[in-house]
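Results of the structural survey
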Amino acid sequence: MHIEIDDLRRPQVAELLEEHLEDMRAWSPPESVHALDLDRLRQPGITFWTVWEGDELLACGAIKRLDALHGELKSMRTARKARGRGAATLLLRHALAQARQWGLQRLSLETGTTEGFAAAHRLYARHGFVDCGPFADYAPDPFSRFMTYVLGPGVQVRDACVDDASAISALLTSLGYPGTENLVPAKIALLCSHPDARLLVAVDGDQVLGVVSLHFVPQLALAGDFCRISYLCVGDGARSRGVGAALVAQVEAMARERGCDRIELHCHSRRVDAHRFYDRQGYEESPKYLMKLLAHPNLP
């Protein structure tokens, strides 16, 4: 699957949006249908994406900028024949990652309340959206449910630098790797200069809240690379703020840009909370993981 910014000119896109409008009209009364048509989605301030697999259109969605800090999720739709294939999850994470890159602090949405919207409710709740009151020009409506996701404020994901060494070392200690103070500065320099590696930190001002390292590995038998998350840690005081999800979303955006078709990671069996986190992000267990420890040539 790949995501692209769309100009809404292809007939497949028009057909999917018409399918979307048909369902909205079937599930809600006319005065409670707030879905946008093709012309209104072309307005300035709206970025519209489509998800494709080859020539097949799987899903679409958009963000409408309400102001400098607040965006609205619009026209989220998965084609009927493409449901259950993960396109909506992929697109929602992409939208959240883009909203963070734009500096938005909140992403909100309006959806319906009838049974036809139940799957959408589960998707948004699974990714951290919570119920809120009407926003922008919306009014209270028994057929409208309003949800929002706080992207910050101030939490940003950037490339790590050597000045982050002490904070990263502390995060690694909390992850179960003590004694890295002397090792980490050189490792940061190595990872930041390596063409197939990235080291990212989530920060709030000068405070480092989390870290993730990732590597890109060419696949011999398949066209795309695969991406591997080697370390991911969020500080104890920063959990439940969406920091881990922000880091993972950025990794996934980078992996897609690199042409990767999968992301892999190893998570020890004792890390039950981490398993729940990755499950919420859409990761699935894929046995079997094998490992052989080798003696380091520079160690006794």
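See the structure above.
Residues numbered from 1 in each chain as written. Predicted model: local features only at pLDDT ≥ 70, side-chain atom pairs only at ≥ 80, totals over all residues. Heavy atoms only, no water.

Turning our attention to the overall build of the chain. The number of helices and strands found in the chain is eight helices and twelve strands. For the chain, the C-alpha radius of gyration of 21 Å lies close to 19 Å, the compact-globule estimate for 300 residues. For the chain, the spread of C-alpha atoms along the principal axes amounts to about 75 × 45 × 35 Å. Out of the 300 residues in the chain, the part that is buried amounts to 47%. Put simply, of all contacts in the chain between residues at least 6 apart along the chain, 64% involve residues at least 24 apart. If you sum the accessible surface of the chain, you get close to 16300 Å²; carbon and sulfur atoms cover 52% of it. Averaging the positions of the 34 positive and the 38 negative side-chain charges in the chain gives two centres separated by 4 Å. (Helix = DSSP H or I, 4+ residues; strand = E, 2+ residues; numbered from the N terminus. Rg over C-alpha atoms; globule rule 2.2 N^0.38 Å. Buried < 20%, exposed > 50% of the residue type's maximum accessible area, 1.4 Å probe, protein only. Contact = heavy atoms within 4.5 Å. Areas by Shrake-Rupley, 256 points an atom, 1.4 Å probe, with all protein chains shown as cover. Lys, Arg positive; Asp, Glu negative; His and termini not counted. Charge placed at Lys NZ, Arg CZ, Asp CG, Glu CD.)

With that out of the way, let us pick up the pairing of strand β7 (residues 144-150). Across the seven residues that make up β7, a large majority, five, are buried. Inspection of the sheet shows strand β5 (residues 106-112) paired to β7 by seven bridges, in the antiparallel sense. Residue pairing across strands places E110 opposite F146, the latter belonging to β7. Of the strand pairs in this sheet, strand β6 (residues 130-131) and β7 are connected by two bridges, and their pairing is antiparallel. (Pairing = 2+ DSSP bridges.)

A word on the sheet that holds strand β10 (residues 207-217). The pairing of strands in a sheet happens through backbone hydrogen bonds and is either parallel or antiparallel. Read from one edge of the open sheet, five strands run β8-β9-β10-β11-β12, paired in mixed fashion. In the strand order of this sheet, the two ends are held by β8 (155-159) and β12 (263-265), each with one partner. Strand after strand, the sheet turns through a mean of 30° between neighbouring axes, direction not considered. When β10 meets strand β11 (residues 226-234), the two strands line up antiparallel, connected through eight bridges. From the neighbouring strand, V212 faces β11, where its bridge partner is L232. Relative to β11, helix α5 (residues 165-175) is tilted by about 90°, and along the sheet it contacts β9 (197-204), β10 and β11. (Axes fitted to C-alpha atoms, helices over the stretch in contact; angles between N-to-C directions.)

Interpretation note: all reported values are geometric properties and have no functional meaning in isolation.
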